[in-house]
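# Examination of the molecular architecture
Below are the chains, spelled out letter by letter.
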Amino acid sequence: MRVAVAGTFGPIHDGHRALFRRALERGDEGVLVALTSDEFARGKRERPVPDFVDRRERLREEIDALDEWGRDVEIRELHDEHGIASTEPTLDALVVSPETAHEIADINAERVRRNLAPMAGFVVPFVRADDGERISSTRLVAGEIDEHGELSAEEQPPSDEVPGDDSDDDAADA
């Protein structure tokens, strides 16, 4: 099966790694990673996005580190939302997050319109940060979490506070 995964992937975090891992697991006939162009990535975001060349280099490092199967991995520049997924005839499946799962139907409708076979969809659950919220590049860039979802020092409750502990209040009343 030839599998695709797409995104901006900058900066990379454990949520992205989960997507890459699933694509590599399933992509025994190859993996196509569609990496958004600088123009496409920056056009819809207010946060800073690393340059394409830097993101591609970091992506290659991540894929190489995760690829225990020795998959054939191709990285292509993505210029529009469904471009590669809706036009590449060799793709069998698309790996997505819950955030983009609804797009599989639109992509498959476009593929059928082009006389291409529809693709299977593999939805990878969100990876959660320590606070229970999903890990995202936006949160990472904002300094809320690190790439593994650990809260930054500013986001963590003070370590001397124990929820439900009223011992200091009792001492003040004595």
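About the criteria used
- Residues numbered from 1 in each chain as written.
- Predicted model: local features only at pLDDT ≥ 70, side-chain atom pairs only at ≥ 80, totals over all residues.
- Heavy atoms only, no water.
- Helix = DSSP H or I, 4+ residues; strand = E, 2+ residues; numbered from the N terminus.
- Contact = heavy atoms within 4.5 Å.
- Areas by Shrake-Rupley, 256 points an atom, 1.4 Å probe, with all protein chains shown as cover.
- Expected span 1.5 Å × (residues − 1).
- Buried < 20%, exposed > 50% of the residue type's maximum accessible area, 1.4 Å probe, protein only.
- Arc of directions from axis to C-beta.
- Phe/Tyr/Trp six-rings, centres within 6.5 Å; stacked < 30°, edge-to-face > 60°.
- Pairing = 2+ DSSP bridges.
- Axes fitted to C-alpha atoms, helices over the stretch in contact; angles between N-to-C directions.

Helices and strands together make up the secondary structure of the protein, namely seven helices and five strands. Secondary structure elements of the protein, listed N to C terminal, follow the sequence β-α-β-α-α-β-α-β-α-β-α-α. For the protein, the share of sequence-separated contacts (at least 6 apart) that also reach a separation of at least 24 residues comes to 66%. On the protein, roughly 9900 Å² of surface is accessible, and the fraction owed to carbon and sulfur atoms is 45%.

Here the focus is helix α3 (residues 52–66). Taking 1.5 Å as the rise per residue, α3 with 15 residues should run 21 Å; its terminal C-alpha atoms sit 21 Å apart, in good agreement. Those residues of α3 that fall on the buried side of the exposure criterion are F52, R55, L59, E62, I63 and L66. Seen end-on, α3 carries its buried residues on one side only, within an arc spanning 95°. Where α3 is buried, its residues touch α1 (14–26), β2 (31–36), α2 (38–43) and β3 (73–78).

Next up on the list: the packing of aromatic side chains. Under the definition given, this model contains one aromatic pair. Note on F9 and F20: the rings are 4.8 Å apart at their centroids and 70° apart in plane angle, and the pair reads as edge-to-face. One end of the pair, F9, is in the loop between β1 (3–7) and α1; the other, F20, is in helix α1, with eleven residues separating them in the sequence. Here the two residues F9 and F20 agree in accessibility, since each one is buried.

The next subject is the side chain of S37. Tracing the chain through its elements places S37 in the loop between β2 and α2. Given a relative accessible area of 5%, S37 falls into the buried group. With sequence-adjacent residues up to four places away left out, S37 is seen in contact with F52, R55, E77, L78 and H79.

This next bit is on the sheet that holds strand β5 (residues 120–123). Pairing within the open sheet is parallel, and its five strands lie in the order β3-β2-β1-β4-β5. At either end of the open sheet lies a strand with only one pairing partner, and these are β3 and β5. Geometrically, the sheet is characterised by an average inter-axis angle of 25° between neighbouring strands, direction not taken into account. Running over the sheet, α1 touches β1, β2, β3, β4 (93–96) and β5 and is turned about 165° from β1.

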